[in-house]
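Structural characterization, general
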Amino acid sequence: MMKHMKNDQRVIVLNRIIFILSLIGVLMATYVLQSWIRHASIVCLTGGGCTLVAKSRYSYPFGIPVPAVGLAGYTMLTILTFLRTMNEGLRTKLLPWVIGMGLFGVCFVSWFTYTELFLIKGVCTWCAVSAVNMVIIFLLAVISSHMQKRIA
Amino acid sequence: MKLAPESKLFLSIIAVTVAIVGIAAVALTKPAPVYTRYDLIPSDAHTLGSLSAPVYLVEFSDFECPACISAKPIVDDILKTYGGKLLYAYRYYPLAQHPFAQKAAQAAQAAGLQGKFWDMYALLFAQGETLSDATFSKLVTQLDLNPDKFSSDFMSESVKQRILKDVNDGNRFGVNATPTFFLNGKKLELSSYDQLKTAVDAAVKGLK
C-alpha cells in the first residue's frame, strides 16, 4: 500500500517536471520563432550558428519553420500534462499520448540535429537545448509509464 | 467544474508564462534605435568607399564565424557595385567560442598598422574556418609584413584595447550575434544575405 502511494506520488512529480520542461520548450520555441518571423537577431551562444540555421532552407520542412513545429509539440505536451492533473483516469489514459508526442519530438530533434551538423554545418544553441529538453521529456514519460504499470 | 489543486497550480503557472510572453512581445515590438554615423564609424574605424557617401553600412563581424564567412561575398559584391556611393566600415566583434577569432582580429589590426588591414581581412576570410596559430605567420609572409613589428603589435595592449572598444560599442548598439549590419544607423534584421544587397540598393537609390 505504502509502495503504491509512493509510486503514485512519483508519477505526479514526473508529470510536474514534464509540464515545466514543456513550458520551457514553449518559451524557447516562441522566442526563436518570433526572431525567424521578424528576421530579428537572437542571443546565440554558438555565434553565427543561429543565424546560419535560421537562413537555411533545410530549416523550413514543407515551408514550416522548425520552431513552429517545436512550439506546436511543446504546447501539445503542456496541454496533455495539464489534462493529466484533472483526475486519475486521465492521468493514466493520457500517458501514452505524452509518450507518443515525446517519441515524435525525439525523432524530429534527431533529424534536425543531423541536418544542422551535416547539411547546414552550423548549430543553433536554442535548437540544441530544445533537443536535450525533448529527450529528457521522453525519458521521463517512459519512466512514468513504468511506474504507472507498477501501480496498476 | 471544480478543479483539483494540482490543476489550479498548473493553470497558475500557465497564466504566469502567458504574462511573461505578453510582456516580452511588447518589449520586442519597440522600434529599433537609429545610431548616427559618428556613433557607428569612429575616426579609427576601417572603412572602404567614399567618406562623404550619404549611405553607410557598418558590419560587426568575427573572422572565424561561419555566417560572417557566408556574408563576405555579398559584402564584396555590394562594395563592387556601390563603392563610390557607399561608406562601408568593418568593426571587430570576435566571439569567445571561436578559438582564433580574437587572434584573427589582432592580426588584422596589427596588419592595419602596416597599412594592410584590408589585405589581411581578405586573407583571413579566405581561410574559412581553418584558422590556426600557423595561419598568422603564413599570412605575415604572404603580405610581406615586417614580422617583428607585426609580432609586437599583435601582442600589444593598444591593439587588444582597440578590438575591445569595438566589442564594447557593439554591445552598446545591441549586437548579440555576428554578422550584424547597420545601414544608415539602423540595425538590419535579415532573413538572407541577399536581402542585404536589396536593402543597400534601396538606400542608394533613395527609396529608404
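Conventions we followed
Residues numbered from 1 in each chain as written. Chains lettered and ligands numbered in written order. Predicted model: local features only at pLDDT ≥ 70, side-chain atom pairs only at ≥ 80, totals over all residues. Heavy atoms only, no water. Helix = DSSP H or I, 4+ residues; strand = E, 2+ residues; numbered from the N terminus. Buried < 20%, exposed > 50% of the residue type's maximum accessible area, 1.4 Å probe, protein only. Contact = heavy atoms within 4.5 Å. Areas by Shrake-Rupley, 256 points an atom, 1.4 Å probe, with all protein chains shown as cover. Salt bridge = Lys/Arg side-chain N within 4 Å of Asp/Glu carboxyl O. Pairing = 2+ DSSP bridges. pLDDT = per-residue confidence, 0-100. Axes fitted to C-alpha atoms, helices over the stretch in contact; angles between N-to-C directions.

1. Some remarks on the overall build of chain B
- Check the secondary structure of chain B and you find nine helices and five strands.
- Going from the N terminus to the C terminus, chain B shows its helices and strands as α-α-β-β-α-β-α-α-α-α-α-β-β-α.
- Taken across its 208 residues, chain B has 48% of its residues classed as buried.
- Put simply, 76% of the contacts in chain B that link residues at least 6 apart link residues at least 24 apart.
- Accessible surface computed for chain B: about 10,000 Å², of which carbon and sulfur atoms make up 61%.

2. Examining the pattern of salt bridges
Residues and elements named next belong to chain B.
- Enumeration according to the criterion identifies 13 salt bridges over all chains in this entry.
- In this structure, Lys197 and Asp77 form a salt bridge, with 3.0 Å as the shortest nitrogen-oxygen distance. Residue Lys197 is located in helix H9 (residues 194-204), and its partner Asp77 is located in helix H3 (residues 66-82); the two are separated by 120 residues in the primary sequence.
- Looking at Asp77, the relative accessible area reads 32%, which means it is partly exposed.
- Look at the salt bridges and you will find they share partners, linking Asp44, Arg91, Arg162, Lys165, Asp166, Asp169 and Arg172 into a network.

3. A closer look at the pairing of strand E4 (residues 180-183) of chain B
Residue and element names in this part refer to chain B.
- Burial along E4 is two-sided: Thr180 and Phe182 and Phe181 and Leu183, pointing in opposite directions, are all buried.
- Relative to E4, strand E2 (residues 55-61) runs antiparallel, the two being bridged by four bridges. Bridged to Val58 within E4 is Phe182.
- Sheet analysis places E4 next to strand E5 (residues 186-187), joined by two bridges and oriented antiparallel. From the neighbouring strand, Leu183 faces E5, where its bridge partner is Lys186.

4. Concerning the confidence of the model for chain B
- Taken residue by residue, chain B gives an average pLDDT of 90. The fraction at 70 or more is 99%.
- With pTM at 0.62, the complex prediction returns an ipTM value of 0.80.

5. Brief notes about the sheet that holds E2 of chain B
All names here are of chain B.
- Taking strand neighbours across the sheet as the criterion, the five strands line up as E1-E3-E2-E4-E5 in an open arrangement whose pairing is mixed. One side of each edge strand has no neighbouring strand; the edge strands of this open sheet are strand E1 (46-49) and E5.
- In the sheet, E2 pairs with strand E3 (residues 86-92) via seven bridges, with the strands oriented parallel. Residue pairing for E3: Tyr56 is matched across the bridge by Leu87.
- Against the sheet, H3 makes contact with E1, E2, E3 and E4, and its axis sits at roughly 155 degrees relative to E3, the strand it touches most.

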